[in-house]
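One-letter residues, chain by chain:
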Amino acid sequence: MPDSDLPTTGAVAKPRRSPDVAGSVRRRRTQAERTDETRGRVLEAAVVVLRRKGYAGLRTDEVARVAKVSRGAMQYHFKTKDSLVLATAQHLLRDVLERGRTRAQDARYCGDPIEGVIQDGLDFFLGPDFVTILDLVLAGSKDRALRKQIYAYTRDSRLGVEAAWLDVLCESGLPRVKAETVLWLTISVVRGFAVRALWQRDDARFRGLLDEWKLILAGHFKNLKGEMS
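Here the structure is a predicted model, which is why all the values come from computation and not from measurement. (Residues numbered from 1 in each chain as written. Predicted model: local features only at pLDDT ≥ 70, side-chain atom pairs only at ≥ 80, totals over all residues. Heavy atoms only, no water.)

Turning our attention to the packing of helix α6 (residues 113-125) against helix α9 (residues 176-196). It is the contact of α6 with α9, at a shortest axis distance of 9 Å, that shows an interaxial angle of 35°. The handedness of the crossing between α6 and α9 is right-handed. Every residue of α9 that contacts α6 at Ile114, Val117, Ile118, Gly121, Leu122 and Phe125 is listed here: Val182, Leu183, Thr186, Ile187, Val190, Arg191 and Ala194. For the contact of α6 with α9, a count of residues per class yields ten nonpolar, two polar and one charged. (Axes fitted to C-alpha atoms, helices over the stretch in contact; angles between N-to-C directions. Helix = DSSP H or I, 4+ residues; strand = E, 2+ residues; numbered from the N terminus. Left-handed = near helix turned anticlockwise from the far one by under 90°. Contact = heavy atoms within 4.5 Å. Nonpolar A, V, L, I, M, F, W, Y, C, P; charged D, E, K, R; others polar.)

Structure (structure tokens):
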């Protein structure tokens, strides 16, 4: 056997990775990326704590613990509790806006935009986001600046979602004025269930009533088409 084929003793040489592979594995995140990631973790943690304990029970040290960041890192991004609350509300409502726009976009191809409006409303008004935002609005009743800013974030989010759904309803063939009426009524029905759920939540009953509402609208649309033909 040639000497070059003999097994070696001692340390075994590590396989060498190609420069491309090594570079992709070892690429270090930039400072901006690390900062954005930390901020995002803090905001997600704040959402968790707000949903669990509300504004009154929110403690920045608990948010830091849930986010697994130091208190120093926490204070670097958010100097006060209210600055954290405002950023969290904006973060949460941006997510609501993006989910609503995505659902509206998908509804263009499903053939049942009213069901899309209903599902989007149920997701927000009967989900944890509405209760969380409502708690922040009530908490802001003692702080005019806080309340005003949360109102602005909520208005921009919800009106953005409604604008997306209005476009879908118009594309389905409804005149714009009629589409606005149908949209407002449908959202109002779902929002009414959110209030009812404060003392009596019955999802099966809510779903049945919403199906009745869709039947009412179907008859209305049929008559409307007859008038337009």
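Owing to its 3.6 residues per turn, the α-helix aligns residues three or four sequence positions apart on the same side. Here helix α8 (residues 144-171) spans 40 Å end to end across 28 residues, near enough to the 40 Å set by a 1.5 Å rise per residue. Trailing α8 by a residue or two, glycine 173 shows a phi angle of about 115°, which is positive. (Expected span 1.5 Å × (residues − 1).)

According to the stated counting rule, one finds four aromatic pairs in the structure shown. With 5.8 Å between their ring centres and 70° between their planes, phenylalanine 124 and phenylalanine 130 make a pair best called edge-to-face. The same class applies to phenylalanine 124 and to phenylalanine 130, which are both buried. Between phenylalanine 125 and phenylalanine 130, the ring centres sit 5.2 Å apart and the planes meet at 70°, which makes this aromatic pair edge-to-face. Pairwise contacts between aromatic rings join Phe124, Phe125 and Phe130 into one cluster. Here the guanidinium or amino end of lysine 81 rests over the ring plane of tyrosine 55, the centre of that ring lying 4.3 Å away. The ring of phenylalanine 124 is capped by arginine 158, whose NZ or CZ atom sits 4.4 Å from the centre of that ring. (Phe/Tyr/Trp six-rings, centres within 6.5 Å; stacked < 30°, edge-to-face > 60°. Buried < 20%, exposed > 50% of the residue type's maximum accessible area, 1.4 Å probe, protein only. Lys NZ or Arg CZ within 6 Å of the ring centre and 35° of its normal.)

The next point concerns the pattern of salt bridges. In this structure the tally under the stated criterion is 16 salt bridges. With a shortest N-O distance of 3.7 Å, glutamate 98 and arginine 101 are connected by a salt bridge. Residue glutamate 98 and its partner arginine 101 are both found in helix α5 (residues 81-107); the two are separated by three residues, about one turn of the helix. According to the relative accessible area criterion, glutamate 98 is partly exposed, its value standing at 43%. On the accessibility criterion, arginine 101 (40% relative accessible area) is partly exposed. In this structure, arginine 207 and aspartate 211 form a salt bridge, with 2.9 Å as the shortest nitrogen-oxygen distance. With arginine 207 and aspartate 211 both in helix α10 (residues 203-228), this residue pair falls four residues apart, about one helical turn. According to the relative accessible area criterion, arginine 207 is partly exposed, its value standing at 24%. Looking at aspartate 211, the relative accessible area reads 37%, which means it is partly exposed. It is possible to trace a salt-bridge network through shared partners that takes in Arg51, Arg99, Arg103, Asp120, Asp123, Asp129 and Arg158. (Salt bridge = Lys/Arg side-chain N within 4 Å of Asp/Glu carboxyl O.)

This part takes up the confidence of the model for the chain. Summing up the model confidence of the chain, the mean pLDDT is 86 and the portion of residues at 70 or higher is 86%. Between the elements of the chain, mean pLDDT differs from a low of 53, seen in helix α1 (residues 19-26), to a high of 96, seen in α9. Counting contacts from residues 1-12, a segment whose pLDDT is below 50, to residues more than four positions away or on other chains yields one contact. (pLDDT = per-residue confidence, 0-100.)

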